[in-house]
Amino acid sequence: MKIIVNAKPHDIAGNTLEAALQELGFTSPAVATALNGAFVARANRGDAQLAEGDRLEVLAPMQGG
């Protein structure tokens, strides 16, 4: 299915937020996620179902100084 991830289109096979994150390479537990503008807690990612055209924002902490 096609979804928008951080403003870029992606084709994914997974149908949950957790599966999509794994597929897209976001494996760090320190990422924050929002699905269609609503925050999704790490514990709820396996239950968050994705649909064609959903918008996903993934934010990861940056290192450096």
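Predicted, not measured: the structure shown is a model, and the values here were computed from it.

**Overview of the overall build of the protein**
Logical step 1: Helix and strand counts for the protein come out as one helix and five strands.
Logical step 2: Along its sequence from the N terminus, the protein presents helices and strands in the succession β-β-α-β-β-β.
Logical step 3: For 65 residues, the compact-globule estimate of 2.2 N^0.38 gives 11 Å, and the C-alpha radius of gyration of the protein, at 11 Å, lies within 12% of that figure.
Logical step 4: Projected onto the principal axes, the alpha-carbon positions of the protein cover approximately 40 × 25 × 20 Å.
Logical step 5: With 65 residues in all, the protein has 29% of them scored as buried.
Logical step 6: When contacts within the protein are restricted to residue pairs at least 6 apart in sequence, long-range pairs at least 24 apart make up 55% of them.
Logical step 7: Across the protein, the centroid of the 5 positively charged side chains sits 8 Å from that of the 7 negatively charged ones.

**With respect to unusual backbone geometry**
Logical step 1: Positive phi is not limited to glycine here, since Ala-7 has a value of about 70°.
Logical step 2: Position of Ala-7 relative to the elements: it lies in the loop between β1 (2-5) and β2 (8-11).
Logical step 3: Under the relative-accessibility criterion, Ala-7 is labelled exposed at 58%.
Logical step 4: Positive phi, close to 55°, is recorded for Asn-36, a residue that is not glycine.
Logical step 5: Judged by relative accessible area, Asn-36 falls into the partly exposed class, the value being 47%.

**Points about the pattern of salt bridges**
Logical step 1: Across all of its chains, the model carries one salt bridge by this definition.
Logical step 2: Residues Asp-11 and Lys-2 are paired through a salt bridge, measuring 3.5 Å at the closest nitrogen-oxygen approach.

Rules and cut-offs
- Residues numbered from 1 in each chain as written.
- Predicted model: local features only at pLDDT ≥ 70, side-chain atom pairs only at ≥ 80, totals over all residues.
- Heavy atoms only, no water.
- Helix = DSSP H or I, 4+ residues; strand = E, 2+ residues; numbered from the N terminus.
- Rg over C-alpha atoms; globule rule 2.2 N^0.38 Å.
- Buried < 20%, exposed > 50% of the residue type's maximum accessible area, 1.4 Å probe, protein only.
- Contact = heavy atoms within 4.5 Å.
- Lys, Arg positive; Asp, Glu negative; His and termini not counted.
- Charge placed at Lys NZ, Arg CZ, Asp CG, Glu CD.
- Salt bridge = Lys/Arg side-chain N within 4 Å of Asp/Glu carboxyl O.

All quantities given are derived from atomic positions and should not be read as evidence of function.
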